[in-house]
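# Breakdown of the fold
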Amino acid sequence: MLLRLLVPSFARVLLWASAAQRAACGSIGSRAALPATQIYKYPDDTFVENLHVLPSGHVLLSTFKSGNLSSINPSVSNPTPQHVVTLDGATGLTGITEIPATAGTLYAVTGGIHTGFGFQYGSLSVYVVLIVPLNGKPCGLVVNKIPFPDTAMMNGLAAIPSNPTIVLSADSLGGRVLRTNILTRQVDVAFSDPALGAGGNPIMPLGVNGIKIKGNYLYFTNSGQGTYARVQIDSFGNKVGPVQVLATLPAPASMTYAYDDFDFDRCGNAHISLHDYDVVRVTPAGAQSLIAGGLAASPLLESPTAVAAARDGNSIFVTTGGNYTATPPTGGQLLKTCCVTCTQSQTVAAKTRHCT
Ligand SMILES: *[C@@H]1O[C@H](CO)[C@@H](O)[C@H](O)[C@H]1NC(C)=O
Ligand SMILES: *[C@@H]1O[C@H](CO)[C@@H](O)[C@H](O)[C@H]1NC(C)=O
């Protein structure tokens with residue numbers, strides 16, 4: 001998540017700085033960006049922070065507007081957000097992850113009392129939510145609320161596939177991976193590492209942002225350091241190997257030039273939201289290219305915050321924060337791009353993985 005950290009005049013200086021950076025760097029390859037269709041745009045200043053695609057195809061959305069989890073059905077025309085559940089005690093929500101081995105019924109969501117600079121210290125919790133279809137739309141019930149006392153940030157969230165009781169959360173301000181056991185309600189710090197901090201970046205003070213777990217690795221983006229990296233973990237979320245950087249932003253990160261959350265496609269590529277206008281793809285070999293957005297895109301992707309592969313494997317959903325430097329501020333979006341293509345070898349690899 002990129003937070004509304006800045007007073008408007010400072011933001012304008014940063015917009016200028018980022019335009020200069022953009023002109024100076026060309027090493028994110030610009031292939032033809034995929035077209036994106038806008039599914040919904042909030043009519044007010046709602047900042048959409050994260051998303052998760054349910055088995056039904058409905059898309060869960062978390063925002064900084066309230067503790068309400070919403071859903072949108074992208075397969076009907078002109079859909080509007082539907083109320084799923086209210087997470088009591090939260091005024092803003094962040095990460096969403098499915099709890100493995102629960103047949104798509106249990107989810108963890110993080111949230112707390114949102115402030116301009118993150119969250120009120122000690123206000124964050126992991127909410128365990130049961131979500132089932134009811135009358136054609138997702139309906140939620142909070143079954144557990146586990147406070148995480150010692151942090152001002154829980155950002156990207158990921159369950160450990162081999163251990164369905166543990167979820168890991170990115171503390172972007174503390175440079176740590178936080179661990180919550182949703183069964184025993186125990187919370188602690190799984191690990192901290194300099195690669196998870198903002199690296200002393202004075203204008204982009206967020207470190208680890210999006211996290212995903214695949215195989216024995218935790219993959220993550222770091223907003224302040226401009227890195228996409230991975231680290232080997234065990235089934236409890238402990239770090240058991242060195243951090244390996246897989247891709248780096250070609251110029252220093254700022255408030256308007258920073259990686260946010262990401263997801264994998266069916267071919268194993270990471271699709272990373274990149275403020276202020278882009279989604280970039282990073283192949284398993286680390287090659288980086290613009291996949292959607294750009295300044296010429298119509299509609300513009302206004303501050304992409306997160307990405308999720310669609311269930312059809314063919315397209316990706318993108319959420320955005322909207323434009324908080326515009327007067328009046330404009331709302332976040334849900335968009336869908338088409339179409340994900342794999343190289344021959346990636347297709348084979350994906351199929352092999354799928355069948356084993
Ligand atoms: C959150 O949901 C509750 C219950 O449906 C509703 O009363 C409230 O207006 C919602 N808040 C926002 C900001 O949408
Ligand atoms: C937001 O609006 C400002 C002022 O209109 C504009 O300069 C800027 O490019 C916009 N940013 C995004 C991400 O659309």
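Described below are features of the structure shown in this document. This structure is a prediction, so every number in the text was calculated from the model and none was measured.

### What to know about the sheet that holds strand β12 (residues 157–160)
Across the sheet, which stays open at both edges, the four strands sit in the order β12-β13-β14-β15 with antiparallel pairing between neighbours. Edge positions in the sheet fall to β12 and β15 (187–192), since each has one partner strand and no second. For this sheet, the mean angle separating the axes of adjacent strands, direction not counted, is 30°. Judged from the five bridges that link them, strand β14 (residues 176–181) and β15 form a sheet pairing that is antiparallel. Across the sheet, residue Val-177 finds its bridge partner in β15, namely Phe-191.

### Here we look at the site of ligand 2
Neighbouring ligand 2 are Asp-276, Tyr-277, Glu-302, Asn-323, Thr-325 and Ala-326. In this structure, Tyr-277 approaches ligand 2 through a side-chain N or O atom, which is 2.8 Å from an oxygen atom. If ligand 2 stood free it would expose 370 Å²; the protein chains cover 62% of that surface. When its residues are assigned to classes, the shell around ligand 2 shows two nonpolar, two polar and two charged.

### Some details on the sheet that holds strand β6 (residues 92–98)
Hydrogen bonds along the backbone pair up the strands of a sheet, which may run parallel or antiparallel. The four strands lie next to each other as β6-β7-β10-β11, forming an open sheet whose pairing is antiparallel. The open sheet has two edge strands, β6 and β11 (137–147), and neither has a second partner. Neighbouring strand axes in the sheet, compared pairwise and without regard to direction, differ in orientation by 30° on average. In this sheet, strand β10 (residues 125–134) lies alongside strand β7 (residues 106–112) in antiparallel orientation, the contact comprising six bridges. Pairing of Tyr-107 across the sheet is with Val-129, part of β10.

### Topic: the packing of aromatic side chains
The full count for this structure, using the stated rule, is eight aromatic pairs. Measuring from centroid to centroid gives 5.0 Å for Tyr-40 and Tyr-42, while their planes differ by 85°, and the two rings are edge-to-face. Centroid distance Tyr-219 to Phe-264: 5.1 Å. Interplanar angle 85°. Geometry classified as edge-to-face. You can see Tyr-219 sitting in strand β17 (residues 217–222) and its partner Phe-264 sitting in strand β20 (residues 258–264), a full 45 residues away along the chain. The class for Tyr-219 is buried, based on a relative accessible area of 9%. A residue is classified by how much of its surface remains accessible, and Phe-264, at 13% relative accessible area, is buried.

### Observations regarding the site of ligand 1
In the vicinity of ligand 1, the contacting residues are Ser-66, Asn-68, His-83 and Thr-86. A distance of 2.3 Å separates an oxygen atom of ligand 1 from a polar side-chain atom of Asn-68. The contact in question runs from an oxygen atom of ligand 1 to an N or O atom on the side chain of His-83, over 3.5 Å. Protein contact buries 34% of the 360 Å² of open area that ligand 1 shows by itself. Residues belonging to the shell around ligand 1 are distributed by class as follows: no nonpolar, four polar and no charged.

### What to know about unusual backbone geometry
A cis amide bond links His-275 to the next residue, Asp-276, at an omega of 10°. In this fold, Asp-276 is placed in the loop between β21 (270–275) and β22 (278–282). With an omega of 0°, the peptide bond running from Ser-298 to Pro-299 counts as cis. Residue position: Pro-299 is located in the loop between β23 (288–293) and β24 (304–309). The phi dihedral of Ala-101 is positive, around 65°, even though this residue is not glycine. Residue position: Ala-101 is located in the loop between β6 and β7. Positioned with a positive phi, Ala-103 is a non-glycine residue whose angle comes to about 55°. Tracing the sequence through the fold places Ala-103 in the loop between β6 and β7. Given a relative accessible area of 75%, Ala-103 falls into the exposed group.

Scoring rules and cut-offs
Residues numbered from 1 in each chain as written. Chains lettered and ligands numbered in written order. Predicted model: local features only at pLDDT ≥ 70, side-chain atom pairs only at ≥ 80, totals over all residues. Heavy atoms only, no water. Pairing = 2+ DSSP bridges. Helix = DSSP H or I, 4+ residues; strand = E, 2+ residues; numbered from the N terminus. Axes fitted to C-alpha atoms, helices over the stretch in contact; angles between N-to-C directions. Near = heavy atom within 4 Å. Polar contact = N/O pair within 3.5 Å; in protein donor to acceptor, adjacent residues only side chain to side chain. Areas by Shrake-Rupley, 256 points an atom, 1.4 Å probe, with all protein chains shown as cover. Nonpolar A, V, L, I, M, F, W, Y, C, P; charged D, E, K, R; others polar. Phe/Tyr/Trp six-rings, centres within 6.5 Å; stacked < 30°, edge-to-face > 60°. Buried < 20%, exposed > 50% of the residue type's maximum accessible area, 1.4 Å probe, protein only.

Everything listed here is a matter of geometry and, on its own, says nothing about what the molecule does.
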